[in-house]
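# Commentary on secondary and tertiary structure
So the chains spell out like this:
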Amino acid sequence: MPETPLIFSTHSLHPDVSEELAKLGTLKVASAPTPEAITAESVGANIIVVRAPIPAEIVTREQGLMAAVRHGAGLDMIPMEDCTKAGVMVTNVRGANAVTVAEHAIWSAMSLLRKNPMVTRDLHAGGWEHGRRHSASGREISGRTLGILGFGNIGTALAGMARNGFGMSVISYTRSPDKLPDTVEPVSLPDLLKRSDILVLSCPLTDETRGLIDKEAIGSMKQGAILVNVARGPVVVENALIEALQSGHLGGAAIDVFDQQPLPIDHPFMALGNVVLTPHMAGITEESMLRLGQKVTEITAQILAGETPDNLCNPEVLPAYKARFPAP
């Protein structure tokens, strides 16, 4: 184990977390969350705290790299095969921002149902009556059907809020329908699309989910339904979603993740009035950043102490890892 480990983070962290990580080694934060800055500035890293994509060349270059610790749950930012081949452990933090994302999904859906993007735009541009003209076409969230695609920690938090807070019916399409709570009805994907008044995408990005919400899928959704994407951008075929929003088939979309990030300022989404756009921040609040960072610190301490860390995502790496970093 390195005497003074270098802990490299792709982003700045909660101040309390930075303070605690600095007690475990030398903490260095990337000057920008870009591939170029991360590649150039991560030289000598023993632990990488991941909140931006990690180029595969870093994994093969850094002979002292022990682990990539995901500051979140999704693993698409980490070259998993390269890490395993190189003997680098990969861990993540599960569930720490589930409530945060669930709140975002509910808030953004309610904003769209009440036409808040258009009300705000027209109130600013034309005054009181211009904004108020949308009021009678607003809709309530209470009693509607919420569909959840992918039912993990986020789905669990979301279903509880929807049912207990708003009396919604909750349905879900998931790979593990037997694990759904009794309050959530398991359905097929076609039924999920047809029955949902609000459809929340909270599934991981895999070969099976990439492009899953395409033109045909969107076309089978209810007229006026709301789509909320807090999963990953490529789960949705963007051109198909844009067409459905422009035609009025969908009542609106709340989009936190995109095919291309950062979202270009001239992207067609920017010109639509029936959208809530956020820059991949559904899971980010002061509270969630503290919870995530605290778990990252705990995992980092475990690794530096020679322990097998919590939430190890590539356990098959252990023989190669232990050969690289033998126990004292």
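Above this text sits the structure in question.
First, a word on what this report is: a plain description of the structure on this page. Counting starts from 1 at the beginning of each chain's written sequence and moves along it residue by residue. In keeping with the predicted nature of the model, local features appear solely for residues at pLDDT of at least 70, side-chain atom pairs appear and are counted solely at 80 or more, and the whole-chain, interface and lining totals rest on all residues. Processing note: side-chain calculations cover all non-hydrogen atoms of the structure and skip hydrogens and water entirely.

### A closer look at the packing of helix α1 (residues 15–24) against helix α12 (residues 286–304)
With axes taken as lines fitted to C-alpha atoms, and helix axes fitted only over the stretch in contact, angles between N-to-C directions fall between 0 and 180 degrees. Runs of H or I in DSSP of at least four residues are treated as helices and runs of E of at least two as strands, each being numbered from the N terminus. Packing of α1 against α12 leaves a shortest axis separation of 9 Å and a crossing angle of 5°. In terms of orientation, α1 and α12 fall into the roughly parallel class. For the pair α1 and α12, contact is made by D16, V17, E20, L21 and L24 and by M289, L290, G293, Q294, T297, T300, A301 and L304, respectively. Under this grouping Gly is polar, as are all residues other than the nonpolar Ala, Val, Leu, Ile, Met, Phe, Trp, Tyr, Cys and Pro and the charged Asp, Glu, Lys and Arg. Each residue belonging to the contact of α1 with α12 can be placed in one class, and the counts come to seven nonpolar, four polar and two charged. Comment on the angle field: the value is read as roughly parallel under 35 degrees, roughly antiparallel over 145, roughly perpendicular from 65 to 115, and oblique elsewhere. The criterion used for residue contact is that any of the two residues' heavy atoms lie within 4.5 Å.

### Some thoughts on the packing of aromatic side chains
Geometry of an aromatic ring pair is reported as the spacing of the ring centres plus the angle between the planes. Under the pairing criterion, centres of Phe, Tyr and Trp rings, with the six-membered ring standing for Trp, must be within 6.5 Å; the plane angle then separates stacked pairs below 30 degrees from edge-to-face pairs above 60, leaving the rest tilted. What the rule picks out here adds up to two aromatic pairs. Between the aromatic rings of Y321 and F325, the centroid separation amounts to 5.1 Å while the plane-to-plane angle is 40°, which identifies the pairing as tilted. Per residue, the accessibility class of Y321 equals that of F325, and both read buried. Burial status follows relative accessibility: with a 1.4 Å probe on protein chains alone, a residue under 20% of its type maximum counts as buried, one over 50% as exposed, and anything between as partly exposed.

### A closer look at the nonpolar core
By nonpolar core is meant a set of buried Ala, Val, Leu, Ile, Met, Phe, Trp, Tyr and Cys residues that side-chain atoms within 4.5 Å join together. Formed by 31 residues in total, the largest nonpolar core has its most connected members in L201, I213, L227, L241, L245, L250 and F269. Where this core is concerned, the elements lending two or more residues are α9 (189–195), β9 (198–201), α10 (215–219), β10 (225–229), α11 (238–247) and β11 (250–255). When residues of this core are assigned to their parent elements, the largest contribution, five residues, is made by α11. Leaving out residues up to four positions away in the same chain, L241 has contacts with I218, L227, V236, L250, A253, I255 and F269. Formed by 28 residues, the second largest nonpolar core is a distinct cluster that contains V101, A105, M168 and V170.

### Let's talk about unusual backbone geometry
Only a minority of non-glycine residues have a phi that is not negative, and only a minority of peptide bonds are not trans. Residues Q261 and P262 are joined by a peptide bond in cis, for which omega reads 0°. Within the fold, P262 resides in the loop between β11 and β12 (275–277). Backbone geometry at H280 places phi at a positive 50°, although glycine is not the residue there. Residue placement: H280 occurs in the loop between β12 and α12. The exposure class of H280 is partly exposed, given its relative accessible area of 26%. A positive phi angle, near 60°, is found at N311, a position not held by glycine.

### Focus on the pattern of salt bridges
Salt bridge, as used here: a side-chain nitrogen of Lys or Arg that lies within 4 Å of a carboxyl oxygen of Asp or Glu. Under the defined criterion, the tally for this structure stands at ten salt bridges. Here E185 makes a salt bridge to R195, at a shortest N to O gap of 3.0 Å. One end of the pair, E185, is in strand β8 (residues 184–186); the other, R195, is in helix α9, with ten residues separating them in the sequence. Taking the relative accessible area as the measure of exposure, R195 reaches 33% and is therefore partly exposed. Here D197 ties to K222 by a salt bridge, and the two come within 2.8 Å at their closest N and O atoms. Separated by 25 residues along the polypeptide, D197 in the loop between α9 and β9 and K222 in the loop between α10 and β10 bring together distant segments of the chain.

### Remarks on helix α5 (residues 98–113)
One less than the residue count of a helix, multiplied by 1.5 Å, gives the span that helix is expected to have. An ideal rise of 1.5 Å per residue puts 22 Å on 16 residues; α5 measures up with 23 Å between its terminal C-alpha atoms. Counting buried positions along α5 gives twelve out of 16 residues, so the element sits mostly inside the fold. All of the buried residues in α5 are A98, T100, V101, A102, H104, A105, I106, S108, A109, S111, L112 and L113. Positive backbone phi, approximately 60°, marks K115, located one or two places after α5.

### Here we look at the environment of S196
Structurally, the position occupied by S196 is in the loop between α9 and β9. Residue S196 is classed as buried on the basis of its relative accessible area, which comes to 0%. A sequence separation of 181 residues divides S196 from P15, and the C-alpha atoms of the two residues are 41 Å apart. In this structure S196 touches T145, L146, G147, I171, K222 and A225, once residues within four positions along its chain are discounted. Any pair of N or O atoms that falls within 3.5 Å is considered a polar contact. Within protein, one atom must be able to donate a hydrogen and the other to accept it, and sequence-neighbouring residues count only if both atoms are side-chain atoms. A polar contact is formed between the side chain of S196 and the backbone oxygen of L192, at a distance of 2.6 Å.

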